[in-house]
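Residue strings, one per chain:
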Amino acid sequence: VQLQASGGGLVQPGGSLRLSCAASGFTFSSYYMSWYRQAPGKQRELVAGITRAGSANYADSVKGRFTISRDNAKNTVDLQMNSIKPEDTAVYYCYAKQVFASRDYWGRGTLVTVSS
């Protein structure tokens, strides 16, 4: 099983970034997919999640700025980040949770640094 996150990097405040997570080794379409993040010295928190059918939910802190999407044919889940703020600086993790069961997987994370 692999969840390979990519797309992180250094971005200026107000800028945009697109994270992508490529999944393999499990039945992607059977899993609820999420992005979490962990800022330095803070607990990991949910950023956004998306159901198998494409219904999304967001943390209040990113609502209206971030968009999560998934492609069940390509086994990918993306996070489009717009109007980025310094407080968005964190390691972003891709997370897969099996629907109606307990199996779950974490990706290794990709670092997003927001700085001018």
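Right, let's walk through the structure included here. (Residues numbered from 1 in each chain as written. Predicted model: local features only at pLDDT ≥ 70, side-chain atom pairs only at ≥ 80, totals over all residues. Heavy atoms only, no water.)

### Some details on the nonpolar core
Of all hydrophobic cores here, the largest spans 31 residues; its most connected members are Leu3, Met33, Trp35, Val77, Leu79, Met81 and Tyr92. Counting only elements with at least two residues in this core, the list comes to strand E1 (2–6), strand E3 (17–24), strand E4 (31–38), strand E5 (45–50), strand E7 (66–71), strand E8 (76–81), strand E9 (90–98) and strand E11 (110–114). The contact partners of Tyr92, leaving out residues within four places of it in the chain, are Leu19, Trp35, Tyr36, Arg37, Val47, Phe66, Leu79, Met81, Gly109, Thr110 and Val112. (Core = buried A, V, L, I, M, F, W, Y, C linked by side-chain atoms within 4.5 Å. Buried < 20%, exposed > 50% of the residue type's maximum accessible area, 1.4 Å probe, protein only. Helix = DSSP H or I, 4+ residues; strand = E, 2+ residues; numbered from the N terminus. Contact = heavy atoms within 4.5 Å.)

### Some thoughts on the packing of aromatic side chains
Under the definition given, this model contains 7 aromatic pairs. The interplanar angle of 35° and the centroid separation of 4.4 Å between the aromatic rings of Tyr95 and Trp106 together place this pair among those described as tilted. Residue Tyr95 is found in strand E9, and its partner Trp106 is found in strand E10 (residues 104–106); the two are separated by 11 residues along the sequence. Under the relative-accessibility criterion, Trp106 is labelled partly exposed at 39%. What links up through ring pairs into an aromatic cluster is the set Tyr36, Tyr93, Tyr95 and Trp106. Its end group placed over the ring of Tyr93, Arg44 keeps NZ or CZ at 3.7 Å from the ring centre. (Phe/Tyr/Trp six-rings, centres within 6.5 Å; stacked < 30°, edge-to-face > 60°. Lys NZ or Arg CZ within 6 Å of the ring centre and 35° of its normal.)

### Structural notes on the state of the cysteines
Enumeration over the complete set of coordinates arrives at 1 disulfide. With a sulfur-sulfur separation of 2.2 Å, Cys21 is cross-linked through a disulfide to Cys94. Every disulfide takes its handedness from the sign of the S-S torsion; for Cys21 and Cys94 that torsion is -90°, giving left-handed. You can see Cys21 sitting in strand E3 and its partner Cys94 sitting in strand E9, a full 73 residues away along the chain. Classification of Cys21 as buried rests on a relative accessible area of 0%. Using a relative accessible area of 0% as the deciding quantity, one classes Cys94 as buried. (Disulfide = S-S within 2.5 Å.)

### What about the sheet that holds E3?
Read from one edge of the open sheet, 4 strands run E1-E3-E8-E7, paired in antiparallel fashion. In the strand order of this sheet, the two ends are held by E1 and E7, each with one partner. When the angles between neighbouring strand axes are averaged without regard to direction, this sheet yields 15°. Sheet topology note: the E7/E8 ladder contains 6 bridges and is antiparallel. Paired with Phe66 across the strands is Met81, a residue of E8. (Pairing = 2+ DSSP bridges. Axes fitted to C-alpha atoms, helices over the stretch in contact; angles between N-to-C directions.)

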